[in-house]
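Remarks on the overall topology
Letter by letter, the chains look like this.
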Protein chains: 2
Amino acid sequence: MRARVLIRPKAGILDPQGQAVERALPALGFDGVEHVHVGRLVELDVGDAGQLDGMCQRLLANPLIEEYEVQLLDGQTGTPSP
Amino acid sequence: MRARVLIRPKAGILDPQGQAVERALPALGFDGVEHVHVGRLVELDVGDAGQLDGMCQRLLANPLIEEYEVQLLDGQTGTPSP
């Protein structure tokens, strides 16, 4: 089963990459862009989708400073992390 | 309008982060994981969604080695890059 994990900085955690993008865009002529956040994307084939939460907690994300969202790419919707 | 950009290494381009994850997971007891790819996630509020492709081409992605997919987060589906 194909799965996608979206990993973002938690609210309140510094996001220097997002800030850098937000400042760079107007210089390239792109105006009206706000609230930019940069995170990571992990896509993988997994035999047991029940293992995905454990993978995120233990390897893919840092739960102290990042939130993650798992999407199963079979027409099912994503479930945000608690 | 909230938008999400998914950026991945193009097929055939080395993905060392994906390889590292794929090798690390079995050591943590997660078996049956294949085809891991690690990319970037950019989420932003944009006034004109027509500018998103230009932003990807010029700043957010490196079109030589990365493919990107724009998703508008208002119930519309994503459109992969050409």
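Within each chain, residue numbers correspond to sequence positions counted from 1 in written order. Chain letters and ligand numbers both follow the written order, the letters beginning at A and the numbers at 1. Only residues with pLDDT of at least 70 are given local features in this predicted model, and only at 80 or more are side-chain atom pairs given and counted; all residues enter the totals for whole chains, interfaces and linings. Remark: hydrogens and water are excluded; side-chain values derive from all non-hydrogen atoms of the structure.

**Looking at the interface of chain B and chain A**
Listed per partner, the contact involves 36 residues of chain B and 36 residues of chain A. Summed over both sides, the interface of chain B with chain A buries roughly 2900 Å², with 58% coming from carbon and sulfur. Buried area, as used here, totals the accessible surface that two parts lose on assembly, with accessibility defined by a 1.4 Å probe and the loss added over both. When the area that chain B buries against chain A is broken down by residue, the three leading residues are Phe30(B), Leu41(B) and Leu59(B), summing to 19%. By salt bridge we mean one thing: a side-chain nitrogen of Lys or Arg within 4 Å of a carboxyl oxygen of Asp or Glu. Here chain B and chain A share two salt bridges between them. A salt bridge links Glu43(B) to Arg8(A), with the shortest nitrogen-to-oxygen separation between them at 2.6 Å. The term polar contact refers here to a pair of N or O atoms within 3.5 Å; inside protein, the definition further demands a hydrogen-donor-capable atom paired with an acceptor-capable atom, and it admits residues adjacent in sequence only when both atoms are side-chain atoms. At the boundary of chain B with chain A, the tally comes to 16 residue pairs in polar contact (both at pLDDT 80 or more). The helix and strand labels rest on DSSP assignments: H or I over at least four residues marks a helix, E over at least two residues marks a strand, and numbering proceeds from the N terminus. Residue assignment for the side of chain B that touches chain A shows that the elements contributing at least two residues are strand 1 (2–9), helix 1 (16–27), strand 2 (33–46), helix 2 (52–60) and strand 3 (66–72) of chain B. Counting residues per element, the side of chain B that touches chain A draws most heavily on strand 2 of chain B, at 14 residues. For this analysis, residues touch if any pair of their heavy atoms sits within 4.5 Å.

**Notes on the pattern of salt bridges**
Side-chain pairing between opposite charges can occur once the charged atoms of the two side chains come close. Scanning all chains against the criterion turns up 12 salt bridges over all chains. Glu43(B) is the salt-bridge partner of Arg4(B), the closest N and O atoms lying 2.8 Å from each other. Separated by 39 residues along the polypeptide, Arg4(B) in strand 1 and Glu43(B) in strand 2 bring together distant segments of the chain. The pair Arg4(B) / Glu43(B) is uniform in exposure class, with both members buried. Salt bridges here are not isolated pairs; linked through shared partners, they connect Arg4(A), Glu43(A), Arg8(B), Glu67(B) and Glu69(B). Note on classification: 1.4 Å probe, protein chains only; a residue is buried when its accessible area is under 20% of the maximum for its type, exposed when over 50%, partly exposed between these limits.

**Description of the environment of Gly47(A)**
All names here are of chain A. Within the secondary structure layout, Gly47 lies in the loop between strand 2 (33–46) and helix 2 (52–60). Judged by relative accessible area, Gly47 falls into the exposed class, the value being 65%. When the C-alpha positions of Gly47 and Leu73 are compared, they lie 13 Å apart, and in sequence the two are 26 residues distant.

**Focus: the relation of the copies chain B and chain A**
Here two copies of a chain appear, and what relates them is a rotation about an axis with a shift along it. Copies are brought into register by a least-squares superposition over C-alpha atoms of residues with pLDDT of at least 70 in both. Superposition of chain B onto chain A requires a rotation of 180 degrees combined with a translation of 0.0 Å along the rotation axis, giving an RMSD of 0.0 Å. In symmetry terms, the pair is related by a two-fold rotation axis. Among all C-alpha atoms of chain B, that of Arg40(B) lies closest to the rotation axis, at 2.2 Å. Here 100% of the contact residues of chain B are again contact residues in chain A; the copies associate through an equivalent surface.

**What about the pairing of strand 1 (residues 2–9) of chain A?**
Residues and elements named next belong to chain A. Among the eight residues of strand 1, six are classified as buried, and the element is accordingly described as predominantly covered. Two strands pair when backbone bridges link them, and strand 1 and strand 2 are joined in this way by six bridges, in the antiparallel orientation. Along strand 2, the bridge assignment pairs Arg4 with Glu43. A pair of strands is treated as paired once DSSP finds two or more bridges between them. With seven bridges joining them, strand 1 and strand 3 (residues 66–72) adopt antiparallel strand pairing. In the strand pairing of strand 3, Pro9 is matched with Glu66.

**Examining the confidence of the model for chain A**
Known as pLDDT, the predictor's confidence for each residue is given on a scale from 0 to 100. Chain-level statistics for chain A give a pLDDT mean of 92 and a share of 90% at 70 or above. Here the predicted complex carries an ipTM of 0.87, next to a pTM of 0.88.

**Regarding unusual backbone geometry**
Residue and element names in this part refer to chain A. Residue His35 is not a glycine yet carries a positive backbone phi of 50 degrees. Following the sequence through the fold, His35 ends up in strand 2. Overall, His35 belongs to the partly exposed group, its relative accessible area being 46%.

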